[in-house]
Amino acid sequence: MSILQGTVSLKRFLVLGPVPDPKDLQAGLEQDQFRPFQDGMEEERMGWCDWRNPLITPPDEDWVGQERFAVFGLRIDTRRVPPALLKAHMDLRLQSLLKEKDLAFIGKEARISLQDEVKLELLRKVLPTPRVVEVAWDLKGGILWTTASSSKAQGALSTLFIKSFGCEIHPLAPLVLAGRLNPGLSVEGLMALDPLDLELEEA
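Values in this document were obtained by computation on a predicted structure and should not be read as measured data.

1. A closer look at the overall build of the chain
Next up, step 1: The secondary structure content of the chain amounts to nine helices and seven strands.
Next up, step 2: For the chain, the proportion of its 203 residues judged to be buried stands at 34%.
Next up, step 3: A sequence separation of at least 24 residues applies to 69% of the contacts in the chain between residues at least 6 apart.
Next up, step 4: Surface accessibility of the chain: about 12,300 Å² in total, with carbon and sulfur atoms responsible for 55%.

Here's what the structure looks like:
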């Protein structure tokens, strides 16, 4: 896993909320483990996976705990039907239906229903594209490191994190860090702090 090897750029988050014990932590990982797509119109699925291999779900309890850290992965699978492909299939289906039923045209509601039917058929044939976000949670320090670089991935991580563990995560920006290290500071005091001083104080 690259997050443990230090070969990637990491984002830091402040974790707010009660720290779960090992049993509750594993229960949260199992509750919201990644589950493959089933029949339906879903285009995205996400859930926790093992940090060593995204096919291992739920994460192996023996490998989650790494000293003071909990290490696991967030797998996000997406499947999309390209619009051009959907349109091409729709055109063929409409032509076939017009000929079969000897119709002059097909109404709007019927077209929408037919499009959903065609899209569902195509979705079943589309291979999902997986993405794995790596997570290392310092349970004692209250800091989370992750490879989630995009706002979409960070949003997915934040949503599932509070659902699974009852904890909120916030980007560790200088002002957030200042409030954590110096909770008695006023707003004016926070604004006057030098970001470099915050890094030195944190270290």
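2. Considerations on the pattern of salt bridges
Next up, step 1: Per the stated rule, a full pass over the model turns up twelve salt bridges.
Next up, step 2: One salt bridge connects lysine 163 with aspartate 32, and the closest N-O pair in it is separated by 2.4 Å. Taken together, the residues lysine 163 in helix H6 (residues 151–165) and aspartate 32 in the loop between helix H2 (22–31) and strand S2 (44–49) connect sequence positions 131 residues apart.
Next up, step 3: A relative accessible area of 52% places lysine 163 in the exposed class.
Next up, step 4: On the basis of relative accessible area, aspartate 32 is assigned to the buried category, the value being 7%.
Next up, step 5: The partner of glutamate 43 in a salt bridge is lysine 119, and the shortest N-O contact between them spans 2.7 Å. Placement of the pair is glutamate 43 in the loop between H2 and S2 and lysine 119 in helix H5 (residues 108–123), with a sequence separation of 76 residues.
Next up, step 6: Take glutamate 43: its relative accessible area is 23%, and that puts it in the partly exposed class.
Next up, step 7: In this structure lysine 119 comes out as partly exposed when scored by relative accessible area, which is 22%.
Next up, step 8: The network of salt bridges with shared partners includes Glu43, Arg80 and Lys119.

The rules behind the values
Residues numbered from 1 in each chain as written. Predicted model: local features only at pLDDT ≥ 70, side-chain atom pairs only at ≥ 80, totals over all residues. Heavy atoms only, no water. Helix = DSSP H or I, 4+ residues; strand = E, 2+ residues; numbered from the N terminus. Buried < 20%, exposed > 50% of the residue type's maximum accessible area, 1.4 Å probe, protein only. Contact = heavy atoms within 4.5 Å. Areas by Shrake-Rupley, 256 points an atom, 1.4 Å probe, with all protein chains shown as cover. Salt bridge = Lys/Arg side-chain N within 4 Å of Asp/Glu carboxyl O.

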